[in-house]
Amino acid sequence: MIDVRTVFMGTPEFADVCLKSLIGSGHEVAAVFTRKDKPKGRKQTLTPPPVKVTAELNGIPVYQPATLRNGCADETIGGLKPDVIVVAAYGLILPKSILKIPKYGCVNIHASLLPKYRGAAPVQWAVINGDSETGVTSMQMDEGLDTGDMLLSAKTAVLPDETSGELMERLSHIGAELLLKTLSAAEKGALKPVPQNSQESSYAKMLTKDIAVIDWGKTAVEIHNLIRGMVPWPVASSAYQGKKLKIYSSALSGSTDAEPGSVLRVKNKFIVACGENTSIELTQVKPEGGKQMGGRDFLMGHPPGAGESLARKNN
């Protein structure tokens, strides 16, 4: 049985799948570091990160520092005497003082094929940009932002209608398997770190609600990819009849000469004209103050007037 003493650092569901894999594989998880509990939902109930829930269920000590840069966590981590620190979607920068503590260093499980999509939202940008392939890379961490030497990687196709949430869920299991392979290879001295080519790198910036506002002047393919990439957050949106309309799913439609943003009610389907004579069907939407529903059902309650349009971005 593999028994590498590990300190795990991570926060969301992606990291939780990796943690569960570590626990189930026989590695000793000495402690878990995660972000602080956050208020969620309409009632703003203070909710622990998924990683914290798993750790507590397994009797693993949990630490939730606001930062690691002030040195306050160095003594705690050093006292845990980890062979390796595993990081997966943690959300805090590890300073040099922590990077040098473990025997095998700090290993990051990153949801992209590095050096492409360094940064906070690699899965979402792979979908938004219409990539046909992505994957997970294990990396020996250094002081840069996802700049360390690559260890192992695993590729997977991005499905044409897959949302970033669905892709993230698949990648979490690929990442968990890759993590165990990486630790096993490290124990055997079989890893061959490969430096990243920074000239081939790209940065996946954090998503914002502004990015989610649809520009109907773009092609249907571009808009379809944006809609997929914005699920589950912040969800693509547009203005319709003076109110915000969130758009959760779509399907490519036929060609049209209509002005981009124009609502084309075809066989009761919610179809909108896009740039370059393309169009898109909005299949799942959520009106402001309402519930999520099918596009056809939405139009029944909000019929378009003559020449009705969804607002063009930056108008």
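Scroll up for the structure.
Everything quoted here is computed from the prediction, not taken from an experiment.

J.: Pulling in residues and values, what's your account of the layout of surface pockets?
T.: In this structure, the largest pocket spans a volume of roughly 1900 Å³. Taken together, 48 residues form the lining of the largest pocket, with Pro 12, Ala 89, Tyr 90, Gly 91 and Ala 120 sitting closest to its centre. Of all elements in the fold, only helix 1 (13-25), strand 3 (38-40), strand 7 (106-110), helix 5 (122-128) and helix 6 (164-187) reach the threshold of two or more residues within the lining of the largest pocket. By residue number, the principal contributor to the lining of the largest pocket is helix 6, which donates 5 residues. In the lining of the largest pocket, the residues fall into 27 nonpolar, 12 polar and 9 charged. Approximately 230 Å³ is the volume attributed to the second largest pocket. Ile 128, Ile 211, Lys 218, Glu 222 and Leu 226 are the residues nearest the centre of the second largest pocket, which is lined by 14 residues in total. Looking at the lining of the second largest pocket, the elements that each hand over two or more residues are helix 5 and helix 7 (220-229).

J.: Quick one: what's the story with the sheet that holds strand 10 (residues 150-157), residue by residue and with numbers?
T.: In spatial order, the strands read 5-2-1-6-7-9-10; together these 7 strands make up an open sheet with mixed pairing. Every interior strand has two partners, whereas the edge strands, strand 5 (62-63) and strand 10, have only one. Judged from the 5 bridges that link them, strand 1 (residues 6-10) and strand 6 (residues 84-88) form a sheet pairing that is parallel. Residue pairing in the sheet places Gly 10 in a bridge with Ala 88 of strand 6.

J.: How would you summarise a nonpolar patch on the surface if you had to cite specific residues and measurements?
T.: Together, Ile 93, Leu 145 and Tyr 203 make up an exposed nonpolar region whose accessible area comes to about 310 Å². Mapped onto the elements, Tyr 203 comes out in strand 11 (residues 203-204). We classify Tyr 203 as exposed; its relative accessible area is 54%.

J.: Please give an account of the packing of aromatic side chains that cites residues and values.
T.: As enumerated under the stated definition, the model contains 4 aromatic pairs in all. Between Phe 270 and Phe 298, the aromatic rings sit 5.7 Å apart at their centres with planes inclined by 10°, giving stacked as the arrangement. Residue Phe 270 is found in strand 15 (residues 269-273), and its partner Phe 298 is found in helix 8 (residues 295-301); the two are separated by 28 residues along the sequence. We note that Phe 270, like Phe 298, is buried. Three or more aromatic residues link up through ring pairs in this structure, and these residues are Tyr 240, Phe 270 and Phe 298.

Reading the values: rules and limits
- Sequence order sets the numbering: in each chain, residues are counted from 1 along the sequence as written.
- In view of the model being predicted, local features appear only for residues whose pLDDT reaches at least 70, and side-chain atom pairs are presented and counted only at 80 or more, with totals across whole chains, interfaces and linings using the full set of residues.
- With hydrogens and water excluded, all non-hydrogen atoms of the structure serve as input to the side-chain values.
- Of the two site types, the cavity is a set of points on a 1 Å grid over the protein atoms alone where a 1.4 Å probe fits but cannot get out, and the pocket is an open set with protein on both sides within 12 Å along at least five of seven lines, each lined by residues with an atom within 4 Å of a point.
- Grid points are joined across faces, edges and corners, and a volume is the space filled by probe spheres set on the points.
- Numbered from the N terminus, helices here are DSSP runs of H or I no shorter than four residues, and strands are runs of E no shorter than two.
- Ten residues, namely Ala, Val, Leu, Ile, Met, Phe, Trp, Tyr, Cys and Pro, are considered nonpolar, four, namely Asp, Glu, Lys and Arg, are considered charged, and the remaining ones, Gly among them, are considered polar.
- A pair of strands is considered paired only if DSSP assigns at least 2 bridges between the two.
- Patch building starts from residues that exceed 30% relative accessible area and form no salt bridge, then joins like charges within 9 Å and nonpolar side chains (Val, Leu, Ile, Met, Phe, Trp, Tyr) within 5 Å.
- Accessible surface is estimated by sampling points in the Shrake-Rupley manner with a 1.4 Å probe; for residues, cover comes only from the protein chains shown.
- The working definition used for a salt bridge is a side-chain nitrogen of Lys or Arg within 4 Å of a carboxyl oxygen of Asp or Glu.
- Burial here depends on accessible area, computed with a 1.4 Å probe over protein chains only, as a share of the maximum for the residue type. Under 20% is buried, over 50% is exposed, and the range in between is partly exposed.
- Each pair of aromatic rings taken from Phe, Tyr and Trp, with Trp reduced to its six-membered ring, is defined by centres within 6.5 Å and is described as stacked if the planes are under 30 degrees apart, edge-to-face if over 60, and tilted in the remaining cases.

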